[in-house]
Amino acid sequence: MRPSKLHFQEYGHMPHAGYGLIIKQDKLYAYHSILGNNDEPESRERGGNPLVEVPEPSEKMWDDFYQILCDIKVKEWSKSYVNMRILDGGGWIFKIRFKDINRSISGDNDEPQAIVLNGFRVMPKQVLHKAIEELSSGVLTKVMDQDLYGGYWEE
């Protein structure tokens, strides 16, 4: 079962310019762009990059993703993580509506505290990031890399 809503984005010190994974019009896309209203990637004409379609994850991939969300206890995460002592760090958002999980979480220079998972101390947001990358079948990294070298910004 796939989620009805998914949006994961990370950005640097320039707010709302970053990369992410989003379900839009019932398809999964990776992007690297400037975000407009409602944190939606803007069209190329407005300075953003086009959305890059991700191959539809298998049912098992969705099930594994859901299990990871349970393992890192996403339902227990705060709505916001902010560290005001860091002025030029980065931020992130994660919005999900999936089975019995309905969360909208954001962070600026902060994230959930480390937990023990399978006998190892891990940072939950890093586990989430890895799961997002796996869900995108590597497309998210390719979009990020192409943007860094000018691939999607060229006219």
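If you're wondering where the values come from, they're calculated on a predicted model, not measured in any experiment.

Enquirer: Whenever I open this one, the packing of helix α1 (residues 59-71) against helix α2 (residues 124-135) confuses me. Can you help?
Expert: How two helices sit against one another is set out by the angle between their axes and by the gap between those axes. Between α1 and α2, the shortest axis-to-axis distance is 10 Å and the interhelical angle comes to 175 degrees. Overall, the two elements α1 and α2 adopt an arrangement that is roughly antiparallel. In this structure, α1 uses M61, W62, F65, I68 and L69 to contact α2, whose residues at the interface are V127, L128, A131, I132, E134 and L135.

Enquirer: Would you take a moment to explain α1 for this structure?
Expert: Note that an α-helix has 3.6 residues per turn; residues three or four places apart therefore point the same way. Between its first and last C-alpha, α1 extends 18 Å over 13 residues, near the 18 Å set by a 1.5 Å rise per residue. Restricting attention to buried positions, one finds in α1 the residues W62, F65, Y66 and L69. Each buried residue of α1 lies within a common arc of 100 degrees when the element is viewed along its axis, so the set occupies one face.

Enquirer: Hey, could you run me through the packing of aromatic side chains in this one?
Expert: Where two aromatic rings form a pair, the distance of their centres and the angle of their planes describe that pair. Enumeration according to the criterion identifies 7 aromatic pairs in this entry. With a centroid separation of 6.3 Å and an interplanar angle of 70 degrees, the aromatic rings of F8 and F94 are classed as edge-to-face. Residue F8 is located in strand β1 (residues 5-11), and its partner F94 is located in strand β6 (residues 91-98); the two are separated by 86 residues in the primary sequence. Per residue, the accessibility class of F8 equals that of F94, and both read buried. For the pair W62 and F65, a centre-to-centre distance of 6.4 Å together with 75 degrees between the ring planes defines the contact as edge-to-face. With a gap of 3 residues between them, W62 and F65 both fall in helix α1, about one helical turn apart. Take F65: its relative accessible area is 2%, and that puts it in the buried class. What links up through ring pairs into an aromatic cluster is the set W62, F65, Y66 and F98.

Thresholds, definitions, all that
Residues numbered from 1 in each chain as written. Predicted model: local features only at pLDDT ≥ 70, side-chain atom pairs only at ≥ 80, totals over all residues. Heavy atoms only, no water. Axes fitted to C-alpha atoms, helices over the stretch in contact; angles between N-to-C directions. Helix = DSSP H or I, 4+ residues; strand = E, 2+ residues; numbered from the N terminus. Parallel < 35°, antiparallel > 145°, perpendicular 65-115°, else oblique. Contact = heavy atoms within 4.5 Å. Expected span 1.5 Å × (residues − 1). Buried < 20%, exposed > 50% of the residue type's maximum accessible area, 1.4 Å probe, protein only. Arc of directions from axis to C-beta. Phe/Tyr/Trp six-rings, centres within 6.5 Å; stacked < 30°, edge-to-face > 60°.

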